[in-house]
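Architecture and fold: a report
So the chains spell out like this:
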Amino acid sequence: MGSNGRRVGVLALQGDFEAHARALAARGVSAVEVRDPDDLDGVRGLVLPGGESTTMLTLMEGSGLRERVSELVRGGLPVLATCAGLILLAREVRHPAQASLGLLDAVVDRNAYGRQIDSAVVALEVCEPGELGADRLEGVFIRAPRVREVGGDVRVLARYGDDPVLVRQGSLLAATFHPELSPGSPVIDLFARTVGRRE
Ligand code: GLN
């Protein structure tokens, strides 16, 4: 284990990585900003933040970061992906079509809510309160992707209307909204518990 042992990596190429680092710090979890593959040495979890997925994907190409992230995720590293981070992981990205890491068995449409919840804070329906550790959840949506299909191994923890907005697939936890912007969010609590348990 490298010098980043017991820390969580936060992809810091672009987007709201600082809000994630603050949210983790509030739970006693320290974050390391990830810009190069070496920054991932020894991390016990990884956050893929919101921002602009096209830009993030471009910045991950060429440095080896894309391959290293894929390898770690396939190896079972706990991941929290929010908004653009979820888009990066999805099996298929549409509206417009875009390459992705293909690690989360989901089909997503980008920017698909239009003005309906372009930038809004809404109450979500918690489908798995036992798993989430809470029965109430708010969602901060900012030009959010819409999950159109999920595979059989994907559990839906929360919905907005008919749409899955918080899903879990093995060690991946992915939200179309921004839990790092909701003080005391049970989503960040859940991720902090997950990384806390892994030695
Ligand atoms: N609309 C952005 C994208 O498609 C995601 C928005 C966000 O992360 N808040 O990448």
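Preceding this paragraph is the structure being described.
Each chain has its residues counted from 1, running along the sequence as written. Given that this is a predicted model, residues contribute local features only at a pLDDT of at least 70 and side-chain atom pairs are listed and counted only at 80 or more, while totals for whole chains, interfaces and linings are drawn from all residues. Values reported for side chains reflect all heavy atoms of the structure, with hydrogen atoms and water molecules removed beforehand.

Looking at the site of the ligand
Definition in use: Nearness here has a simple test: a residue counts as near a molecule or strand if at least one of its heavy atoms is within 4 Å of that partner. N or O atoms closer than or at 3.5 Å make up a polar contact, with two conditions inside protein: a donor-capable atom paired with an acceptor-capable one, and, for residues adjacent in sequence, both atoms drawn from side chains. Residue-level accessible areas treat just the shown protein chains as cover; the underlying method is Shrake-Rupley with a 1.4 Å probe. Note on residue classes: Ala, Val, Leu, Ile, Met, Phe, Trp, Tyr, Cys and Pro are nonpolar, Asp, Glu, Lys and Arg are charged, and everything else, Gly too, is polar.
Taken together, the residues surrounding the ligand are Gly 50, Gly 51, Glu 52, Ser 53, Cys 83, Ala 84, Ile 87, Arg 110, Asn 111, Ile 142, Arg 143 and His 178. Here Arg 110 contributes a side-chain N or O atom positioned 2.7 Å from an oxygen atom of the ligand. Within the backbone of Ile 142, one N or O atom sits 3.0 Å away from a nitrogen atom of the ligand. Here the ligand has 300 Å² of accessible area as a free molecule, and 98% of this is covered by the chains. Looking at side-chain class alone, the shell around the ligand contains four nonpolar, five polar and three charged residues.

A word on the environment of Arg 7
How we decide: Secondary structure is summarised from DSSP: a helix means a run of H or I of at least four residues, a strand means a run of E of at least two, and numbering begins at the N terminus for each. Remark: exposure states derive from per-residue accessible area (1.4 Å probe, protein chains only) relative to the maximum for the residue type, with buried under 20%, exposed over 50%, and partly exposed in between. A contact between two residues is defined here by any heavy atoms of the two lying within 4.5 Å.
With respect to the element layout, Arg 7 can be found in the segment before strand S1 (8-11). With relative accessibility at 33%, the residue Arg 7 sits in the partly exposed group. Among all residues touching Arg 7, those that are not within four sequence positions of it are Ser 30, Ala 31, Val 32, Val 43, Arg 44 and Gly 45.

Structural notes on the state of the cysteines
The condition is simple: Any two cysteine sulfur atoms lying within 2.5 Å of each other are counted as a disulfide.
Evaluated as defined, the whole model comprises zero disulfides. The closest cysteine sulfur to the non-disulfide-bonded Cys 127 is located on Cys 83, 19 Å from its own sulfur.

Notes on the environment of Val 73
Within the secondary structure, Val 73 sits in helix H3 (residues 65-74). Residue class for Val 73 comes out buried when judged on its relative accessible area of 7%. A C-alpha to C-alpha distance of 13 Å links Val 73 and Leu 11, two positions 62 residues apart in sequence. Setting aside chain neighbours within four positions, we find Val 73 in contact with Val 79, Leu 103 and Leu 172.

Remarks on the nonpolar core
The test is simple: Working definition of a nonpolar core: buried Ala, Val, Leu, Ile, Met, Phe, Trp, Tyr and Cys residues. They are joined through side-chain atoms within 4.5 Å.
Core analysis: the biggest nonpolar cluster contains 35 residues, and Leu 11, Leu 40, Val 69, Val 79, Leu 89 and Leu 104 have the highest contact counts within it. Broken down by element, this core gets its largest block of residues, five residues, from helix H4 (residues 84-89). Contact partners of Leu 40, with chain neighbours within four places excluded, come to Val 34, Leu 46, Leu 65, Arg 68, Val 69 and Leu 72. If you look at the next biggest cluster of nonpolar residues, it comprises 32 residues, including Val 8, Val 47, Tyr 113 and Val 165.

So, the pattern of salt bridges
Quick reminder of the rule: We define a salt bridge as a contact between a side-chain nitrogen of Lys or Arg and a carboxyl oxygen of Asp or Glu at a distance within 4 Å.
With the rule as written, the count across this model stands at 15 salt bridges. For Glu 33, the salt bridge goes to Arg 35, with nearest N and O atoms at 2.7 Å. Of the residues examined, Arg 35 reaches a relative accessible area of 38% and is grouped as partly exposed. Between Asp 109 and Arg 148 there is a salt bridge, with the nearest N and O atoms lying 3.0 Å from each other.

Geometry only, nothing functional implied.
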